[in-house]
Amino acid sequence: NVSQLELRGNMNPPKLNETKLMRQELAGDILTPLPGLFELIIDLNFAQLPTDLLKPVPNINGISLYGALLTFPSDVFQYLRRLRQLELRRHHFEQRLRENIFQNLTTIRGLYMINCSITAIPEHIFAPLKTLRNLNLMGNQLSELPPKLLAQQKGLQTLNLADNRIQVIPLGFFVVTTRLVKLTLSRNRLRHLAANVLPPLTSLIELEIDNNMLRTI
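Student: Would you take a moment to explain the pattern of salt bridges for this structure?
Tutor: Pairing of side chains with opposite charge becomes possible as their charged atoms draw close. Scanning all chains against the criterion turns up six salt bridges. Across the salt bridge formed by Arg-90 and Asp-43, the nearest N and O atoms sit 2.7 Å from each other. Here Arg-90, found in the loop between strand 4 (85-89) and strand 5 (110-114), pairs with Asp-43, found in strand 2 (residues 39-43); they are 47 residues apart in sequence, far enough to count as distant. When salt bridges with common partners are traced through the structure, they connect Asp-163, Arg-187 and Asp-210 into a single cluster.

Structure, rendered in structure tokens:
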């Protein structure tokens, strides 16, 4: 039985222009012969995915999608029951992430949305992910963080917010993430960290805040 499948195409990342996206399409039944698939990696210049793509593999454990999606493919993930790791790279989500996109993905423990051009994120988007352990939003365009973004992430252990445009960490942002052991805030636009922002992080071992605009901590 095949446990891991990689589909890779043009290694040059796609570019948006005013008329169209470079597109590569997948057949909707490509995974039908692989019901035991454990991990899937798709690295193609795709702007959309067939809705039934993952229907034959409801028990898949890890998915990595590299491409050019404009919106989060919630309909594609609706069949999954045991997904633990989800990695999304090089997409163009901007401000189009909806608050309910993870409502059927409650088993995720590692979520990586890297270089996805995210400019805004709904405050309760991660509320269904109560077992989340690792969250990586590196390389996006976030300038603000909703104060209650991590309100349900009591078990979060690593958080990477590097390479964004964050100017301030809201008061109370880490109030429930007391198990966080690694926090990365490098290469943002932080000017100040309030005295009561970090104290809730009693388990923190590693803090990276280099290349910001900090004058006081």
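Student: Sorry if this is basic, but what is going on with the packing of aromatic side chains here?
Tutor: Geometry of an aromatic ring pair is reported as the spacing of the ring centres plus the angle between the planes. Inspection of every chain in the model, using the stated rule, returns five aromatic pairs. Measuring from centroid to centroid gives 6.4 Å for Phe-72 and Phe-93, while their planes differ by 55°, and the two rings are tilted. Of this pair, Phe-72 sits in the loop between strand 3 (62-66) and helix 1 (74-77) while Phe-93 sits in the loop between strand 4 and strand 5, and the two are 21 residues apart along the sequence. We note that Phe-72, like Phe-93, is buried. Judged by centre distance (5.1 Å) and plane angle (70°), the rings of Phe-72 and Phe-102 are edge-to-face. In this pair, Phe-72 is assigned in the loop between strand 3 and helix 1 and Phe-102 in the loop between strand 4 and strand 5, connecting sequence segments 30 residues apart. The buried category is assigned to Phe-102, whose relative accessible area is 0%. Put simply, the rings of Phe-72, Phe-77, Phe-93, Phe-102 and Phe-126 pair up and form one aromatic cluster.

Quick notes on the rules
Residues numbered from 1 in each chain as written. Predicted model: local features only at pLDDT ≥ 70, side-chain atom pairs only at ≥ 80, totals over all residues. Heavy atoms only, no water. Salt bridge = Lys/Arg side-chain N within 4 Å of Asp/Glu carboxyl O. Helix = DSSP H or I, 4+ residues; strand = E, 2+ residues; numbered from the N terminus. Phe/Tyr/Trp six-rings, centres within 6.5 Å; stacked < 30°, edge-to-face > 60°. Buried < 20%, exposed > 50% of the residue type's maximum accessible area, 1.4 Å probe, protein only.

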